[in-house]
Amino acid sequence: MDFPFYTQQMTQENWQLEQFLSLADGEYWTMRSCGIASLRMVLDGFGKNVERHGPMIEKGVAAGAYKPGVGWIHWGLAKMAAEYGIHGEALREKTVEDLKQELDNGHPCIISIAPYFLGGKPRVDGEGVYGKSGHLIPVFGYETEDGKLKAFLVHHPSAFTERNKPEWWVPMEDFLASFSGNFIRFSTEAFSEEDK
């Protein structure tokens, strides 16, 4: 599948194209729209015609997929995908091997990670270290070497220009330090009971 890349960064140059009501509205969502940017990438990868950033955010907020102070809710994004004929399911406490299996089954995923794969590293605000969550990104592939996982292929949307990274091969060391074990899997077909 061919997955486009979308940024979550809204600027003077793109807020109108992304159909926000104002530049201020776009700027407000710049730091809060990783879930929608990721969902748009996955749905477009499935060939679905999806709205621009602003209308998709409005739709998600109206559906209860966004919780202020928390962010985008996994089950809410999965439910939004159903409106486009794509099945989504939120999974918790999974491993990288589980994630690999989903990709083997043809299920692109949106994963919960530390921003920019900085898990375990000092926070820029000086408030401790980055944990294993706080940001949502899509993952589409992986690489192995001698039967062992070597890297995952992701699109990393960001509010910051230098951190927008399409087709980023993330080494396992950084991936493991930042992956929460929670993700949403997507498919054109319903998930069976045996598949849960």
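Everything that follows concerns the structure shown earlier in this document.
The sections below set out a description of the structure shown in this document. (Residues numbered from 1 in each chain as written. Predicted model: local features only at pLDDT ≥ 70, side-chain atom pairs only at ≥ 80, totals over all residues. Heavy atoms only, no water.)

### Observations concerning the overall build of the protein chain
Of the regular secondary structure elements, the protein chain holds six helices and eight strands. Mapped in sequence order, the helices and strands of the protein chain form the string α-α-α-β-β-α-β-α-β-β-β-β-α-β. Burial analysis of the protein chain (196 residues in total) assigns 48% to the buried set. Nonlocal contacts in the protein chain, meaning residues at least 24 apart in sequence, comprise 63% of its contacts between residues at least 6 apart. Accessible area for the protein chain stands at about 9800 Å²; split by element, carbon and sulfur atoms hold 48% of it. (Helix = DSSP H or I, 4+ residues; strand = E, 2+ residues; numbered from the N terminus. Buried < 20%, exposed > 50% of the residue type's maximum accessible area, 1.4 Å probe, protein only. Contact = heavy atoms within 4.5 Å. Areas by Shrake-Rupley, 256 points an atom, 1.4 Å probe, with all protein chains shown as cover.)

### Considering the packing of aromatic side chains
Across all of its chains, the model carries 12 aromatic pairs by this definition. Taking the centre distance of 4.9 Å and the plane angle of 70° together, the rings of W29 and Y66 count as edge-to-face. Of this pair, W29 sits in helix α1 (residues 23-30) while Y66 sits in strand β1 (residues 66-67), and the two are 37 residues apart along the sequence. In this structure W29 comes out as buried when scored by relative accessible area, which is 10%. (Phe/Tyr/Trp six-rings, centres within 6.5 Å; stacked < 30°, edge-to-face > 60°.)

### Structural notes on helix α2 (residues 34-45)
Its 12 residues give α2 an end-to-end C-alpha distance of 17 Å, which sits within 8% of 16 Å, the value for a rise of 1.5 Å per residue. Taken as a whole, α2 has its buried residues at C34, G35, I36, A37, S38, L39, R40, M41, V42, L43 and G45. Looking one or two places after α2, you find G47, whose phi comes out positive at around 85°. (Expected span 1.5 Å × (residues − 1).)

### Observations regarding the pairing of strand β8 (residues 179-187)
A large share of β8 lies buried, amounting to eight of its nine residues. Inspection of the sheet shows strand β3 (residues 87-91) paired to β8 by five bridges, in the antiparallel sense. Looking across to β8, one finds that G88 is bridged to F186. (Pairing = 2+ DSSP bridges.)

### Digging into the side chain of S112
Tracing the chain through its elements places S112 in strand β4 (residues 109-113). For S112, the contacting residues outside a window of four places in its chain are H74, K132, S133, G134, H135, L136, S178, F179, S180 and N182.

### Regarding the state of the cysteines
This model, assessed by the stated rule, comprises zero disulfides. Looking at the unpaired C109, the closest cysteine sulfur is the one in C34, lying at 16 Å. Relative accessible area serves as the criterion here: at 0%, C109 is assigned to the buried category. (Disulfide = S-S within 2.5 Å.)

### Examining the pattern of salt bridges
Tallying each qualifying case throughout the model produces 10 salt bridges. A salt bridge links K100 to D104; the nearest nitrogen and oxygen atoms lie 3.2 Å apart. With K100 and D104 both in helix α5 (residues 96-104) and four residues apart, this pair spans about one turn of that helix. D104 sits in the partly exposed class, given a relative accessible area of 40%. One network of salt bridges, with partners in common, ties together E18, R40 and R52. (Salt bridge = Lys/Arg side-chain N within 4 Å of Asp/Glu carboxyl O.)

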